Each structure stands twice: as C-alpha cells, then as structure tokens.
Amino acid sequence: EARRGSRGAFNPSAPDPSDAALYRPPWVTTTLGCFLIFTIVVDILGNLLVIFSVYRNKKLRNAGNIFVVSLALADLVVAIYPYPLVLTSIFHNGWNLGSVHCQISGFLMGVSVIGSIFNITGIAINRYCYICHSLKYDKLYSDKNSVCYVMLIWLLTVVAIVPNLFVGSLQYDPRVYSCTFEQSASSAYTIAVVFFHFILPIMIVTYCYLRIWILVIQVRRRVKPDNRPKITPHDVRNFVTMFVVFVLFAVCWAPLNFIGLAVAIKPEVVVPLIPEWLFVASYFMAYFNSCLNAIVYGVLNQNFRREYKRIVVSVCTARIFFQDSSNDAGERLKSKPSPLMTNNNQVKSSLRHLSGLKSRGAYLSFIKHFF
C-alpha cells in the first residue's frame, strides 16, 4: 500500500520509491505524458540545433556563445535521462526503476537546474562586461578564460548538488512522478538552496541587465555623447535575446521556488494550503523551460535563425539526395541493356553502315577493320 500523507506526498520512511503511487483519471496522466513528450522532443532537437549552429557558423563562435552552448548542454541533460524516467513513471503510475535510478535521476535533474541558472548568470555577466566594460572585455574573455569560466560553472554546480546526497533530500514524489528535491526534508537546507541557487543568481542577473538597459538608454538618448561605448543594433539584439532567456527562466522556476521557500519556513501551515494542481503545474512549468531557449534564439537572433535553416535544409537535402541516388541507381539497373542486347545493337548498326558502302574495296576494308 502506498505510504503517503493526506495530500499524497511521499513519506521518506518508505523503503523504496516504488511503494508510492497515486490514482488519477486517465486524462490527467495522458495530458502530463503528452506535455512531457513534447518537452523532450523540442528540448533535444532545439538544443542540438543550438550546439551545431555555434559549431558550424564562425559568426556564432565567440566567447559569449560558449556559455550558450553550456546552457544547451544543461538543458539536454534532463531530456536524455531524467525526463524519460519521469515519463515511464507517469504511464506506470509509479516508480518501478528502483532507488538507484531514482537517486541518479534526481541528481542529474539538480545538476541541470543549477547548471542552467549558473550559466544564465555567466551569460549576464558576460553581456555586462561586453557592453559596459568593452575596453576590458577581450582580456577578460579570451578563449582560454572563457573555457575556464565554463569549467568553473560546472564545478560549482556539482559542488552545489552534492549535499543533497547527504541530506537525503532526493526522493520520489508521486504527485509529479519524479525523483526530485524534497522541499520538506530539511527547512534550513531548502532555504539555503532557494537563496543561493535561485534568489542570489536572479539578483546578480537583474543587476547586470539593469545596468545594460540604463547604458543602452543613455546611448540612444545621447546622454553621454563624448565618452560612450559603441553599441551596435546587433549587440542590442543579442542582449535582448539573452534577457528574454533570463525572464522565461525566472517566470518558469519562480512558482516552484517560492512554494519551496514557503514550505521550508512553515511546513505545518503551508503544506495543507497548497493545492495539488498548483504544485504539479509549477513542476511541469519548470520542466518546460528546458525546451524554450532554442526557440528564443531562433525567433530573436538572426544568425541562429539562418543557421537553423541551413542545418534543416542540409539534413533534408542529404536525405532526399540519398533517396534520389538510390532511385537513379535502380532505374539505371532497369534500363541498362544486357551484353547480348548491346552486341546485337552493334551488329545492327554495323549492317546499316555496310549498306551505305558503295564499293567492294571499302566493304573489305571495313570487314578487316571490324574483325
């Protein structure tokens, strides 16, 4: 029998996550499953397009887009392993993969989330230095330094997620069919996670983008005409693109983080007040964020949009070319005459040519030449 509270929350005392299950109408699980399938497909295809676009296009291979590729990898992590396991638990109405997969899934999901917000913070700092401190940018963000910054981001991500293994906060929650961070496992730890992994990065990113907006407005209005950096329309579009990425992340993850913060402060008061549908909606809205960034790049960034088209056309053309080549080969095999037919045609052609010869000498010379 499932070990759960009055609102269906998984009890940490259960020995195995497969002990927990919820019984919902079929349309609910079908809707959640289809939503997650769409997220997985768009996540994988979109972020692969981002990575290949930066790899193929020289205009996109710059220090700033190293963080974009790193963010795409963070989004890919959940689509490759944790989300398919969540999908399996949705259609099996419970976790049937064992506690080891549960811990790995929860760990990778945490790596993806924290890696995403840290990369978004890195992108904001990069844009701030590029626009507000352009004279120092090339030195600060050389190729070697940029790679080191990305490695530092992932190192901090792993360091940030490791304490979950000791606190015991990675547990299966049947309400969202996921092995994820249990908000009520430790109030102090949950508050620290929300602050250091969401609120503090959001504050840093907000400061960076606010300074950029102020500088862009000053340049547009020529408040500082004598000593202002050169901001091209291309720079502004790139900044707006990454700003939208940040806003979408904040909107998608804010409900879940605020619920966690409220639960951590007063769990006995807040937990009964949170409707189950709100908790589930906040989780799946957060999951949905992993597939949005690639769409934003394609819509707002002209270089990404062009490279997307080139990649899609290249893939389609290669497939069509392969099919056409196969069909052409088949047609050639069908239409290729047999050796016997070829010889007959040569004989017929020779006889027609013989009929046109007027002298016996020409005929004999032809026979000698032919044989």
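- Looking at an unreviewed UniProt entry, one finds the protein chain named Melatonin receptor 1A a, with Takifugu rubripes as its source organism.
- Database annotation for the protein chain, UniProt heading Sequence similarities (unreviewed entry): "Belongs to the G-protein coupled receptor 1 family."
- Checking UniProt for the protein chain, the heading Subcellular location (unreviewed entry) contains the comment "Cell membrane".

1. Topic: empty space enclosed by the protein
Regions of empty space are outlined by a rolling probe, equal in size to a water molecule, passed over the atoms.
Next up, step 1: Throughout the structure, instances matching the rule amount to two cavities of 30 Å³ or more.
Next up, step 2: Approximately 420 Å³ is the volume found for the largest cavity.
Next up, step 3: Along the wall of the largest cavity there are 25 residues; nearest its centre are Val113, Phe181, Val193, Trp253 and Asn257.
Next up, step 4: When contributions to the lining of the largest cavity are tallied by element, the ones reaching two or more residues are α4 (98-132), β2 (178-181), α8 (187-221), α9 (233-265) and α11 (276-288).
Next up, step 5: Each residue belonging to the lining of the largest cavity can be placed in one class, and the counts come to 16 nonpolar, nine polar and no charged.

2. Considering the environment of Asn303
Next up, step 1: Here Asn303 lies in helix α13 (residues 302-335).
Next up, step 2: Spatially, the C-alpha atoms of Asn303 and Lys59 are 7.6 Å apart, while their sequence positions differ by 244 residues.
Next up, step 3: Dropping the residues within four chain positions of it, Asn303 is found in contact with Asn57, Lys59, Leu60 and His234.

Rules used in this analysis
- Residues numbered from 1 in each chain as written.
- Predicted model: local features only at pLDDT ≥ 70, side-chain atom pairs only at ≥ 80, totals over all residues.
- Heavy atoms only, no water.
- UniProt positions renumbered as here; feature names shortened; annotations may be inferred.
- 1 Å grid on protein atoms, 1.4 Å probe; cavity = no way out; pocket = protein on both sides within 12 Å on 5 of 7 lines; lining within 4 Å.
- Points joined across faces, edges and corners; volume = space filled by probe spheres on them.
- Helix = DSSP H or I, 4+ residues; strand = E, 2+ residues; numbered from the N terminus.
- Nonpolar A, V, L, I, M, F, W, Y, C, P; charged D, E, K, R; others polar.
- Contact = heavy atoms within 4.5 Å.

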